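Remarks on the overall topology
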Amino acid sequence: MTYVVVELCVDCKYTDCAAVCPVEAFHELPDRLYINADTCIDCDACVPECPVEAIFADTNVPENYAHWTQINIDEAPKYPIISQKIPALHGPTCTGPEE
């Protein structure tokens, strides 16, 4: 099992989750994060840290976001690792809390 970041993170890039990840499984894009399935140890530390509830266990991803599992697998390794909290991106399509 691994964890997956879904569409709810797009334009709502909060990095609290990356800061608590013990294995640096998060990868950063300009407008979102992905989780590297090969690095994730399924510890669940990131889930409660996401203010927009964009992280799911791969066995519990809602059907309308199921394709994001493969997106994380394919795309995460292509981007730099992030392991610290940085100022949040609260872009125009974000419905999450403003910092």
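Heads up: the structure comes first, above all this text.
Residues numbered from 1 in each chain as written. Predicted model: local features only at pLDDT ≥ 70, side-chain atom pairs only at ≥ 80, totals over all residues. Heavy atoms only, no water.

1. A look at the side chain of Arg32
- In this fold, Arg32 is placed in the loop between strand 2 (26–28) and strand 3 (33–35).
- A polar contact of 3.0 Å, which involves the side chain of Arg32, links it to the side chain of Asp31.
- Only 3.3 Å separates the side chain of Arg32 from the side chain of Tyr34, close enough to count as a polar contact.
- When near neighbours in sequence (up to four residues on either side) are disregarded, Arg32 contacts Cys9, Val10, Lys13, His27 and Trp68. (Helix = DSSP H or I, 4+ residues; strand = E, 2+ residues; numbered from the N terminus. Polar contact = N/O pair within 3.5 Å; in protein donor to acceptor, adjacent residues only side chain to side chain. Contact = heavy atoms within 4.5 Å.)

2. Remarks on the nonpolar core
- Of all hydrophobic cores here, the largest spans 31 residues; its most connected members are Val6, Phe26, Ile35, Ile55 and Trp68.
- Breaking this core down by element, the ones donating at least two residues are strand 1 (3–5), helix 1 (16–20), strand 3 and strand 4 (55–57). (Core = buried A, V, L, I, M, F, W, Y, C linked by side-chain atoms within 4.5 Å. Buried < 20%, exposed > 50% of the residue type's maximum accessible area, 1.4 Å probe, protein only.)

3. Section: the pattern of salt bridges
- Following the criterion strictly, the structure yields four salt bridges and no others.
- Two residues, Lys85 and Asp16, come together in a salt bridge whose shortest N-O distance is 3.1 Å. In this pair, Lys85 is assigned in the segment after helix 2 (67–75) and Asp16 in helix 1, connecting sequence segments 69 residues apart.
- Note on Lys85: relative accessible area 48%, which makes it partly exposed.
- For Asp31, the salt bridge goes to Arg32, with nearest N and O atoms at 3.0 Å. (Salt bridge = Lys/Arg side-chain N within 4 Å of Asp/Glu carboxyl O.)

4. Considerations on the environment of Val10
- Position of Val10 among the secondary structure elements: in the loop between strand 1 and helix 1.
- Spatially, the C-alpha atom of Val10 lies 4.9 Å from that of Arg32, the residues being 22 residues apart in sequence.
- Those residues in contact with Val10, other than ones at most four positions away along the chain, are Asp31, Arg32, Trp68 and Thr93.

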